[in-house]
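# Tertiary structure, described
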2 protein chains.
Amino acid sequence: MSEHNHIPLHSLKVSCSSCSLRELCLPVGLNREEMSQLDTVIRQSRRLKRGEYLFHSGESFKSLFAVRTGFFKTCVASQDGREQVTGFQMSGELMGLDGISTGNHSCDAIALEDSEVCELPFGRMETLSRDIPSLQHHFYRLMSREIVRDQNVMLLLGNMKAEERIAAFLLNLSQRLSTRGFAANDFILRMSREEIGSFLGLKLETVSRTLSKFQQQGWIAVDHKHIQLVKVDDLKNLISGCSHANGH
Amino acid sequence: MSEHNHIPLHSLKVSCSSCSLRELCLPVGLNREEMSQLDTVIRQSRRLKRGEYLFHSGESFKSLFAVRTGFFKTCVASQDGREQVTGFQMSGELMGLDGISTGNHSCDAIALEDSEVCELPFGRMETLSRDIPSLQHHFYRLMSREIVRDQNVMLLLGNMKAEERIAAFLLNLSQRLSTRGFAANDFILRMSREEIGSFLGLKLETVSRTLSKFQQQGWIAVDHKHIQLVKVDDLKNLISGCSHANGH
DNA sequence: ACTCAGTATTGATAAGGGTCAACCTTTACC
DNA sequence: GGTAAAGGTTGACCCTTATCAATACTGAGT
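Below, the structure is looked at part by part. Treat the numbers as computed from the prediction; the structure is a model and nothing was measured.

## Regarding the environment of Ile-110 of chain A
All names here are of chain A. Mapped onto the elements, Ile-110 comes out in strand β7 (residues 108-111). When its relative accessible area of 9% is taken as the criterion, Ile-110 is described as buried. Measuring from C-alpha to C-alpha, the distance between Ile-110 and Cys-75 comes to 8.4 Å, with 35 residues separating the pair along the chain. Here Ile-110 is in contact with Gly-51, Glu-52, Tyr-53, Phe-71, Phe-72, Lys-73 and Cys-75, once residues within four sequence places are set aside.

Below is the structure:
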């Protein structure tokens, strides 16, 4: 936590050492002292291997986690084994907001590839956010954004057909990847067909068939987990009308 | 805003004059001064007639609203007219949290019967919550609870069959009504079959048929909007396994 | 390089729920 | 109080997606 002093504020974005969190999740507009206060709170990052749980449903909630690198899914499970994936998280995105409510996590968070997260002890963030208004505001906005995202998923699950869901899903991924500087139209899926299906309320066979269909129509190219979007406009046409439906 | 001085703290619950909000939504544990600070922020309530919009999607976000009396739905609409009801709100429940994210409401809120709400100007609540830690904490918890509720709706929409959805819906309503001191097994639906369907991702005909089916089985009695739950355990059996699925 | 388990594709068939339509009931409004 | 509009029920039929099944591919680990 040293170099801040030598670096102009506006470039902190790219030069913070400990954690990419601040670039991606936290508000600009903090002064140096506030930044260093934040530094004392954010714990060093934790590494997880593919398949590892970041937290389990029911576990006591202590911290939020921000993805530094890698890819996660969050899911709620019913007693009889059915599971609903409630979201996929990539770098800069936050997990654990559901735990604040009861003090226990209400979902599982699982790494879909080797990943790294920043831990944000919530109690200390809460305290700190009292002293730093813009931080408090930012947290309210983050939680609200999650609510909006969830509402859009409801719209997707409640109103859209399989093809529309898949198209919305691909376009949403594409948009989030390009925000992070990755190619928008050429990417690797980090999740299985079954996990996509669980998120979208479809069976894995339907996901597979729909991807094949899109490929036959020349809209996308599918090579297992490697996806290329060829005709983005056609995909967008499919969901125009049911729009709003882009989470995150 | 007068009688607080004469009334012991623990009974504020029942005796606040201006607004039932504090009883239902806000944390206990405020002292008298904090309570009176809150009083200066909470605006007098607003009355709405059935069918009236409390706010529209896209409208600038200024305030949260808590239902005092009556019943609301919130919904997001797609361009082509499809609408997804994202929730039904009854007394004590909050609307508008989605607006914090962008500064604009992302859904419509519509009164399903003549209703009364408290307005909570968000900017002032935010400021106040800096000075009153328990208020800040309470807001975080409220927002988190909304996230958990939405996740459970996703589970419902993504995994459950029509009968399970309807059963979960009825049981959820029942539970929330009984929390408020109303009969748990005998109530009037405030929403149409179509609105139920929109919330549950079903068509109105399916809602109607499923209610008829439950009635034939002797599990419930249906007289238009008047519903009686006769065999609650059978309804619960239907959704055991997919449980978790009770919002709010 | 081989194997086994997990993952994906594709086809055939079935079921659940959507769609269309007719009819009935209630509510709201003139 | 009568009439129109909205809401609700029920039936027949069809479409989308789930289910079941066979096969193929991939990749991690030996």
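So much for the structure itself; the text now carries on.
## Topic: the side chain of Arg-165 of chain B
Residue and element names in this part refer to chain B. Note that Arg-165 resides in helix α6 (residues 162-179). Although Arg-165 is buried, it makes no salt bridge; Glu-164 carries the closest opposite charge, 6.8 Å away. Of note is the side chain of Arg-165, whose polar atom sits 2.7 Å from the backbone oxygen of Leu-200. Not counting residues up to four positions away in its chain, the partners in contact with Arg-165 are Leu-156, Leu-157, Met-160, Leu-200, Gly-201 and Leu-202.

## Here's the deal with the protein's contact with DNA strand D
Within the structure, DNA strand D sits among 17 residues, and Ala-162 and Thr-206 of chain A together with Arg-193, Ser-208 and Ser-212 of chain B are positioned closest to it. Considering the 4 Å shell around the protein, atoms of DNA strand D inside it are sugar or phosphate in 66% of instances. In the environment of DNA strand D, a phosphate oxygen lies 2.7 Å from a nitrogen or oxygen atom belonging to the backbone of Ala-162 of chain A. Ser-208 of chain B has a polar side-chain atom sitting 2.7 Å from a phosphate oxygen of DNA strand D. Secondary-structure elements contributing two or more residues to the surface near DNA strand D are α8 (204-216) of chain A together with α8 (204-216) of chain B. No other element matches the five residues that α8 of chain B contributes to the surface near DNA strand D. Broken down by class, the residue content of the surface near DNA strand D amounts to three nonpolar, six polar and eight charged.

The rules we used
Residues numbered from 1 in each chain as written. Chains lettered and ligands numbered in written order. Predicted model: local features only at pLDDT ≥ 70, side-chain atom pairs only at ≥ 80, totals over all residues. Heavy atoms only, no water. Helix = DSSP H or I, 4+ residues; strand = E, 2+ residues; numbered from the N terminus. Buried < 20%, exposed > 50% of the residue type's maximum accessible area, 1.4 Å probe, protein only. Contact = heavy atoms within 4.5 Å. Lys, Arg positive; Asp, Glu negative; His and termini not counted. Salt bridge = Lys/Arg side-chain N within 4 Å of Asp/Glu carboxyl O. Polar contact = N/O pair within 3.5 Å; in protein donor to acceptor, adjacent residues only side chain to side chain. Near = heavy atom within 4 Å. Nonpolar A, V, L, I, M, F, W, Y, C, P; charged D, E, K, R; others polar.

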